[in-house]
Amino acid sequence: MFHNQILLTIDWALFIEKLILIVVVVSVSLVVAMYSTYAERKVAAFIQDRRGPNRAGPFGILQPLADGMKLFFKEEIVPSFSSKFLFILGPILAMLTAIMVSAVIPWGNNMHILGRNVSLQIADINIGILYVFGVVSLGVYGIMIGGWASNNKFSLLGAMRAASQIISYELALGISLIALLMITGTLSLNEMVGQQKDHIWNIFRQPLGFLIFLICAFAETNRTPFDLPEAENELMGGYHAEYSSMKLGFYLFAEYVNMFLSGAVMTTLYFGGYDIPFVNDANLLHTLGTNWLAIIEGLVLFVKISLFIFLFMWVRWTVPRFRYDQLMNLGWKILLPLSLLNMLATGAIILLKQNHWHF
Amino acid sequence: MEALTNRVKPVDRRKMSVWERMYLPAVFKGMAITIKHFFKKKATINYPEQTRPFSPVFRGLQVLNRDEEGRENCTACGLCALACPAEAITMECAERKPGEEHLYREEKYAAKYEINMLRCIFCGLCEEACPKDAVYLSETFAPANYQRKGFIYGKEDLLIPDPKTDPEGYAKAKGSRLQNPQGHGNEH
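Residues numbered from 1 in each chain as written. Chains lettered and ligands numbered in written order. Predicted model: local features only at pLDDT ≥ 70, side-chain atom pairs only at ≥ 80, totals over all residues.

Visitor: Any details on the overall build of chain B? Residues and values, ideally.
Guide: A count of helical and extended segments in chain B gives 6 helices and 5 strands. From first element to last, N terminus to C terminus, chain B shows the α and β order α-α-β-α-β-β-α-β-β-α-α. Computed over C-alpha atoms, the radius of gyration of chain B comes to 28 Å, more than 25% over the 16 Å expected from 2.2 N^0.38 for 188 residues, which places it beyond the range of a compact globule. Projected onto the principal axes, the alpha-carbon positions of chain B cover approximately 95 × 45 × 40 Å. Taking all 188 residues of chain B together, the buried fraction comes to 16%. Within chain B, contacts between residues separated by at least 24 positions form 71% of all contacts whose residues are at least 6 apart in sequence. (Helix = DSSP H or I, 4+ residues; strand = E, 2+ residues; numbered from the N terminus. Rg over C-alpha atoms; globule rule 2.2 N^0.38 Å. Buried ≥ 20, exposed ≤ 12 C-beta atoms within 10 Å, placed from the backbone. Contact = placed C-beta atoms within 7 Å.)

Structure, rendered in C-alpha cells:
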C-alpha cells in the first residue's frame, strides 16, 4: 500500500522529462569532451605549424572514435601490488564528479513541449553554485584515490600535488566568487543568468574576480600551466602512471569533461550564460517563439563554452608548466590576497551604494 | 678577469619589476605569438596525396633501360657491380639464343640482375660506369617493405616498361631524363 502511494505521487511526466534531459546533457558533455581531444590535437598542431590528425575521415574527424577504440582494445592491467577496489574506484569517481557538475547548469530558457513548461536545467537548486563547489572539490578524490591505490611513488607524488594544488586554489576561487555573490545576492545559477540578461554581464562588474576565477579554473582542471599532477616529463603521467585501457581513458576524458563544464560554469557566472549578446530577447521571443529561442540560446551557450575551451587549449600550448614553489607562491601569496582585496573592495562599494553615495 | 673573446653575454640578474612580476603581460605576449602561428601557412604537405618535386639531379631507384625497340640494353658486363662501393649489385649472364633478337640488344644479356636496396647508397656510380646506358637512377625511391627480402629488387622490379607496348609507362619511368638520355640532368 505504502509503496503504491509513493509511486502515485511521482509526477511521471516530470520524471521522464528530467530523465531525457539528463541523458541528453550527459551525452552532449561526453561528445563535446570527445571532440575536445580532437580539437586539442588540432589546436596544438596549428600553433606548432603542423597539420594535426587528418587521416581518419575527412579532416580527421573520426580520430576520437579511433582513439577510443584503441583504448578499449588495450589490455586492462591492474597491478598486483595495488589496492584493487580503490584502483578501480579512482577513475569512476573522477568521471562521476566531472559529469555531476552538469546537473545545475542552465542550458537554456524554458521550452513549451506538449503543453508543459520544460526547464532546460536538470536541477534548479537554490544553492547551485555551492553544489558546483562541492562536486568539484570531490573531484580531487578520484585523483587522490587513483594515485594512492596505484602504490607507485610517482603516482603518489602526482596525487599529492593534485590534492595540495586543488585545495590551495579552491580558496582563492571561493573568495573571488563571494564577491560575485555579494553583487548578485543569489546562489542559484538560473537567477544569475536572469540578472545578466536584464543588466550587464558580471564580467564587467567583476573583472578582477573573473581573472582570479579563470586562473583558479585552470588549476582546478589540472591544465597547463598547472598540470603538475600529470607532468609527463617529471612524473611519467603522475597519478595515472599505472593505469591502462579505458580506466586511463576515463581519467583523460574526465579532464576534458571538466574543461567543458568549467567553461560552462564560467560562462554562466560571468558571461551571461545562455544570454544572446546585442539582441533584445523580447523581440526575438515574439518572432521565434519560445522553443526556437531556447534552442538558439543553448547554441549561443555552446559557442561561448567553445571559446573557453579554445582559450584553455591556447594557453596550454603557450605557457610552460610552473615549478611547484611558484605554483604555491602564486596561489597563497598572490591570488588569495588579491581575491580578499577584491572581496573587500566589492563589499565597500556595495555598502557605499546602499548609503546613497553617488559616484 | 678579462674575457678571452667578445662573445660573452652577461646574465641579467636584476630583480623583476612589478610589471614583469605580474606575469600576465608576458603570458598575453606569448599568446599573441602562438595565435599568429595558428593562422600561418603550414610548412608540411599531405605526403601521399601531395609530393614535393625532386631536384633534376635526384638519384633514386635504379632502372634497367631498354632501347627504342624495347630490347634490353644490359649485356651483364659487370662494370656496375664493380663500380658499386656498397656491393649491392649482383648479376648472372646468359647467351642470347637465335630468335631472341627482339628481346636483347646484344648477344650477351643479364639473366639475373639484383640490387639490394638496403645496401645501395644511391651514389650513381653504376650509372656512370655503364657503357651501354643500361642502368640509370630514376626519380623515385624504394617504398617501405615489411621484410628484408622485399628490398632485393630483381629484373622484374627494375626493368623499364616496354616503349612499344607501354609508351606512357616508359616515359614516366624515364622521367625528365628522356630529353637527356645520358643522365646527369644539369650538365650543360
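Visitor: Could you give me a rundown of the overall build of chain A, with the residues and numbers involved?
Guide: The number of helices and strands found in chain A is 14 helices and 2 strands. For 359 residues, the compact-globule estimate of 2.2 N^0.38 gives 21 Å, and chain A sits close to it at 22 Å. Dimensions of chain A, computed from C-alpha atoms along their principal axes, come out at roughly 60 × 55 × 55 Å. Burial statistics for chain A: of 359 residues in total, 41% are counted as buried.

Visitor: Please set out the sheet that holds strand β3 (residues 108–116) of chain B residue by residue, giving values where relevant.
Guide: Where strands meet in a sheet, backbone hydrogen bonds hold them as pairs that are either parallel or antiparallel. All names here are of chain B. Spatial ordering of the open sheet is given by β2-β3-β5, a layout of 3 strands whose pairing is antiparallel. Unpaired on one side and paired on the other, β2 (89–95) and β5 (152–153) mark the two borders of the sheet. Pairing of β3 with β5, which is carried by 2 bridges, proceeds in the antiparallel orientation. What sits directly across from Ile115, in β5, is Tyr153. (Pairing = 2+ DSSP bridges.)

Visitor: How would you explain helix α6 (residues 153–184) of chain A if you had to name every residue and give the values?
Guide: An ideal rise of 1.5 Å per residue puts 46 Å on 32 residues; α6 of chain A measures up with 45 Å between its terminal C-alpha atoms. Gly185 of chain A lies just past α6 of chain A and shows a positive phi near 70°. (Expected span 1.5 Å × (residues − 1).)

Visitor: Residue-level account of the nonpolar core, with values.
Guide: In terms of nonpolar packing, the biggest core is built from 79 residues, with Ala94, Ala98, Cys216, Ala254, Val257 and Phe260 of chain A touching the most fellow members. Among the elements that make up this core, the one with the highest residue count is helix α11 (residues 245–270) of chain A (14 residues). Apart from the residues within four sequence positions on either side, Phe260 of chain A is in contact with Ser29, Val32, Ala33, Ser36, Ile305 and Ile309 of chain A. Core analysis: the next-biggest nonpolar cluster, separate from the first, contains 21 residues, Cys74, Ala88, Tyr113 and Ala173 of chain B among them. (Core = buried A, V, L, I, M, F, W, Y, C linked by C-beta atoms within 7 Å.)

Visitor: Give me the lowdown on the interface of chain B and chain A, citing residues and values where you can.
Guide: In this assembly, 11 residues from chain B lie in contact with 10 residues from chain A. Here the residues of the side of chain B that touches chain A sort into 5 nonpolar, 4 polar and 2 charged. (Nonpolar A, V, L, I, M, F, W, Y, C, P; charged D, E, K, R; others polar.)

Visitor: I'd like a description of unusual backbone geometry, backed by residues and values.
Guide: A positive phi angle, near 55°, is found at Asn151 of chain A, a position not held by glycine. Relative to the assigned elements, Asn151 of chain A resides in the loop between α5 (128–149) and α6. According to the C-beta neighbour criterion, Asn151 of chain A is partly exposed, with 16 such atoms within 10 Å. For Glu87 of chain B, which is not glycine, the phi dihedral falls at a positive 55°. Mapped onto the elements of the fold, Glu87 of chain B is located in the loop between α3 (79–83) and β2. With 11 C-beta atoms packed within 10 Å, Glu87 of chain B lands in the exposed category.

Visitor: I'd like to hear about the confidence of the model for chain B, residue by residue, with values.
Guide: Residue and element names in this part refer to chain B. When pLDDT is averaged along chain B, the result is 83; 93% of the residues meet or exceed 70. Residue range residues 178–188 is modelled with pLDDT below 50. Its contacts to residues more than four positions away, or to other chains, number 12 contacts. For this predicted complex, the interface score ipTM comes out at 0.76, alongside a pTM of 0.77. (pLDDT = per-residue confidence, 0-100.)

Visitor: Give me the lowdown on helix α4 (residues 84–100) of chain A, citing residues and values where you can.
Guide: Residue and element names in this part refer to chain A. Given a rise of 1.5 Å per residue, 17 residues ought to cover 24 Å, and the 25 Å separating the end C-alpha atoms of α4 matches this to within 8%. At Gly90, α4 is bent by approximately 25°, the largest bend along its length, and proline Pro91 sits one to four residues beyond. All buried positions along α4 are accounted for by Phe87, Gly90, Pro91, Leu93, Ala94, Met95, Thr97, Ala98 and Ile99. Check the buried side of α4 and you find it contacts α2 (12–47), α5 and α11. (Bend = angle between axes of the 7 residues up to and from the residue.)

Visitor: Describe the packing of helix α9 (residues 207–220) of chain A against helix α14 (residues 324–354) of chain A, listing the residues and the values that go with them.
Guide: Residue and element names in this part refer to chain A. It is at 10 Å that the axes of α9 and α14 come closest, and there the two elements cross at 150°. For the element pair α9 / α14, the angle class is roughly antiparallel. Every pair of crossing elements has a handedness; the one defined by α9 and α14 is left-handed. Each of Leu208, Gly209, Ile212, Ile215 and Cys216 in α9 lies in contact with α14, whose residues at this interface are Leu335, Leu338, Ser339 and Asn342. Here the residues of the contact of α9 with α14 are counted per class, giving 6 nonpolar, 3 polar and no charged. (Axes fitted to C-alpha atoms, helices over the stretch in contact; angles between N-to-C directions. Parallel < 35°, antiparallel > 145°, perpendicular 65-115°, else oblique. Left-handed = near helix turned anticlockwise from the far one by under 90°.)

Visitor: Go over the environment of Glu100 of chain B with me, naming the residues and quoting the values.
Guide: Turning to its location among the elements, Glu100 of chain B is positioned in the loop between β2 and β3. With 29 residues separating them in the primary sequence, Glu100 of chain B and Arg71 of chain B have C-alpha atoms 9.7 Å apart.

Visitor: Describe the pairing of β3 of chain B, and please don't skip the residues or the numbers.
Guide: For β2 of chain B and β3 of chain B, the ladder comprises 7 bridges, and the chain directions are antiparallel. From the neighbouring strand, Met91 of chain B faces β3 of chain B, where its bridge partner is Tyr113 of chain B.

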